[in-house]
Amino acid sequence: PGAPLPGAEGKPKSGEALHQTILNAFLEREAEWIRLPNETGVCYALRSNPAQIVEIREQKCFGACSRACSVVLTAPHKFGYHVAELEACPEDASDVLDLVARWVAAPDACCLKKGERPGKTATNCISRQPPSLPAVSGGGGCCGGGCHAK
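On a predicted model such as this, the values are computed, not experimentally measured, just so you know.

Quick notes on the rules
Residues numbered from 1 in each chain as written. Predicted model: local features only at pLDDT ≥ 70, side-chain atom pairs only at ≥ 80, totals over all residues. Heavy atoms only, no water. Pairing = 2+ DSSP bridges. Helix = DSSP H or I, 4+ residues; strand = E, 2+ residues; numbered from the N terminus. Axes fitted to C-alpha atoms, helices over the stretch in contact; angles between N-to-C directions. Contact = heavy atoms within 4.5 Å. Salt bridge = Lys/Arg side-chain N within 4 Å of Asp/Glu carboxyl O. Buried < 20%, exposed > 50% of the residue type's maximum accessible area, 1.4 Å probe, protein only. Lys, Arg positive; Asp, Glu negative; His and termini not counted. Polar contact = N/O pair within 3.5 Å; in protein donor to acceptor, adjacent residues only side chain to side chain.

A. Just the sheet that holds strand β2 (residues 42-46), in detail. The sheet built from three strands is open, its strands ordered β1-β2-β3 with antiparallel pairing. Strands at the two margins of the open sheet, each flanked by one partner only, are β1 (33-36) and β3 (49-56). On average, each strand axis in the sheet is inclined to that of its neighbour by 30 degrees, with strand direction left out of account. Pairing of β2 with β3, which is carried by five bridges, proceeds in the antiparallel orientation. Paired with Ala45 across the bridge in β3 is Ile53. The sheet contacts of helix α1 (residues 14-28) involve β1, β2 and β3, and relative to β2 the element is tilted by about 40 degrees. Contacting β1, β2 and β3, helix α2 (residues 90-105) crosses the sheet at an angle of about 135 degrees to β3.

Dropping the structure here:
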């Protein structure tokens, strides 16, 4: 990983700046989060729930150009969230970390409603994706063929 690609006036692009601001926010909350070694990205876990690991990775494009500078949360068995129009500021980074902490602590398949998400993570949520479904064994579609049998 090299230096960030420059944006206007040689500054980091807004998404890269947000990524760095979020990483800095994790460092400032070391009483709450544990940094874990990882070769593919930066990983953290809540001290209160170290089994739930969060990997922070840069993504070049989420396809939300008109609502750029976004964050996506995704994991098997959890609702996913795409939050856009964030700024590389401490307030937005703090909202993202608060959302991540609530999301990690939530039971699988639990949806965090708008009122349960802080700041812009509630108001600027582009989408909420349902949890991934477990693989179906036995073939024959969603129910092993029973509901579609002739």
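After that view of the structure, there is still more to cover.
B. Seen up close, the pattern of salt bridges. Summed over the entire model, instances satisfying the criterion amount to six salt bridges. As a salt-bridge pair, Arg29 and Glu32 come within 3.6 Å of each other at their nearest N and O atoms. Classification of Arg29 by relative accessible area gives buried; the value is 18%. With a closest N to O distance of 3.2 Å, Lys120 and Glu87 form a salt bridge. In this pair, Lys120 sits in helix α3 (residues 120-123) while Glu87 sits in the loop between β5 (80-83) and α2, placing the two residues 33 residues apart along the sequence.

C. The side chain of Arg117, seen in detail. With respect to the secondary-structure elements, Arg117 resides in the loop between α2 and α3. Salt bridges are absent for the buried Arg117, whose nearest opposite-charge side chain, Glu116, sits at 6.7 Å. Within polar-contact distance, the side chain of Arg117 engages the backbone oxygen of Leu112 at 2.6 Å. Discounting residues that sit within four places of it in the chain, Arg117 has contacts with Tyr81, Leu99, Arg102, Leu112, Ala122 and Cys125.

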